[in-house]
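Geometric and topological summary
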Amino acid sequence: MLEAQIHSTNFDFERYLEARRKLVEDRLAEYLVEQEPAKLWQSMRYSVLSGGKRLRAMLTLAAAEAVSVNNATTGATANLSENALQIALPCACAIEMVHAMSLVHDDLPCLDNDDLRRGKPTNHKIYGEALALLAGDGLLMLANEVLIEHTSKSVASANLLAVALELSRATGPSGMVGGQVKDMEFTGAADDKFDIATVESIHAGKTGALIRFALWSGGKLMNGTEEQLTSLYRFGEILGLAFQITDDLLDVTGDAQTLGKTPGKDEATKKATWVRAIGIDGARIKLSEMEAEGVALLEHSALDNRDAPVLKALLKYAIHRKK
Ligand code: GRG
């Protein structure tokens, strides 16, 4: 039913988003069934099953489908898509777990000290700092467990190993953790103490690494060609950058009710952001350049799903979102 709709020419993106969110959330709930120690699992569930756009998971699923559909010589498209979804879903969920843990740790008093996330009190406000820290640690390792346990039968070992390696890289010192540390180094710096290259490098690690991985991993799990994987990686760089520019703009222009988190914090803490580096208008210009580059890449590399422009729609969603 859903597949038939995605593959029709009247592609309804809103319904697509809703259905994909449900798919991901149902599976996440299965991976996070409450068990002992109950408080730990409650704290982990609180932050993973608390809403969120599920953008990263959707990127993995869309990349897997695009590669599967484009590389098939025979087979009904809907069946190919369904198969790709089943193969990529554990990885998509693992990415959402890593993302959720990064939000839990980022909100802690020792980092951003935030009270509000996804429109609800932050994890440590409910469970206390010690449990929030451990829930983050638990989610990080559960992500790896889920990826390996639930993908090992459907994907060749070499591809799964490559995906597991890249997940560690995207999350660790050369990815998200490294970007976060650079972000801390420049927080509080005067405007003339950082430039666009600094901001790009912070965001490429802090936000970009997991988004790049989300796209690349979808292709790798479906045994994509080197050319497809390189294009997915580059598309991930563009989308990751565009996502963060939007985030910086929303921090200035958004409201707490819509955002579900506290706006104005970047300015208050003097973070190295796109808005501080090139101003609101400059950031908007840069954003439309990234959008054009992303669309051109998809069209040039014939990477999108040949039946529905899902990756293109997800890029636009990441850029034009209000939260
Ligand atoms: C210990 C592995 C490890 C990591 C911790 C704290 C930290 C290192 C990194 C911080 C990474 C971080 C929070 C980056 C910000 C990324 C960002 C803009 C998040 C918001 O993403 P959305 O808008 O959130 O997709 P939803 O709620 O929709 O899922």
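This text follows the structure it describes.
Right, let's walk through the structure included here.

**Re the overall build of the chain**
In terms of regular secondary structure, the chain is built from 15 helices and two strands. Here the chain has a C-alpha radius of gyration of 19 Å; the compact-globule value for 323 residues is 20 Å, and the two agree. Taking the principal axes of its C-alpha atoms as reference, the chain extends roughly 60 × 50 × 35 Å. Taking the intrachain contacts of the chain between residues at least 6 apart in sequence as the baseline, contacts between residues at least 24 apart amount to 75%. Accessible area of the chain: about 14100 Å², with a carbon and sulfur share of 55%. Counting 35 positive and 44 negative side-chain charges, the chain places the averaged centre of each group 2 Å from the other.

**What about the layout of surface pockets?**
Considering only enclosed or pocket space, the second largest pocket measures out at about 220 Å³ in volume. Around the second largest pocket sit Thr 246, Leu 249, Leu 250, Thr 253, Arg 284, Leu 287, Ser 288, Glu 291, Ile 319, His 320, Arg 321 and Lys 322, which together line it. Among the elements of the structure, helix H11 (226-253), helix H14 (274-301) and helix H15 (310-320) are those that each provide at least two residues to the lining of the second largest pocket. Tallied by class, the residues present in the lining of the second largest pocket amount to four nonpolar, four polar and four charged.

**Some words on the packing of aromatic side chains**
Enumeration over the complete set of coordinates arrives at six aromatic pairs. With centroids separated by 5.7 Å and ring planes inclined at 65°, the aromatic side chains of Tyr 46 and Tyr 127 adopt a geometry described as edge-to-face. With Tyr 46 in helix H3 (residues 38-48) and Tyr 127 in helix H6 (residues 123-127), the pair connects residues that are 81 residues apart, well separated along the chain. Ring geometry for Phe 213 versus Trp 216: centroids 6.4 Å apart, planes at 40°, classification tilted. Residue Phe 213 and its partner Trp 216 are located together in helix H10 (residues 196-221), separated by three residues, close to a single helical turn. Taken together, the ring pairs connect Phe 11, Phe 13, Tyr 16 and Tyr 317 into an aromatic cluster.

Quick notes on the rules
- Residues numbered from 1 in each chain as written.
- Predicted model: local features only at pLDDT ≥ 70, side-chain atom pairs only at ≥ 80, totals over all residues.
- Heavy atoms only, no water.
- Helix = DSSP H or I, 4+ residues; strand = E, 2+ residues; numbered from the N terminus.
- Rg over C-alpha atoms; globule rule 2.2 N^0.38 Å.
- Contact = heavy atoms within 4.5 Å.
- Areas by Shrake-Rupley, 256 points an atom, 1.4 Å probe, with all protein chains shown as cover.
- Lys, Arg positive; Asp, Glu negative; His and termini not counted.
- Charge placed at Lys NZ, Arg CZ, Asp CG, Glu CD.
- 1 Å grid on protein atoms, 1.4 Å probe; cavity = no way out; pocket = protein on both sides within 12 Å on 5 of 7 lines; lining within 4 Å.
- Points joined across faces, edges and corners; volume = space filled by probe spheres on them.
- Nonpolar A, V, L, I, M, F, W, Y, C, P; charged D, E, K, R; others polar.
- Phe/Tyr/Trp six-rings, centres within 6.5 Å; stacked < 30°, edge-to-face > 60°.

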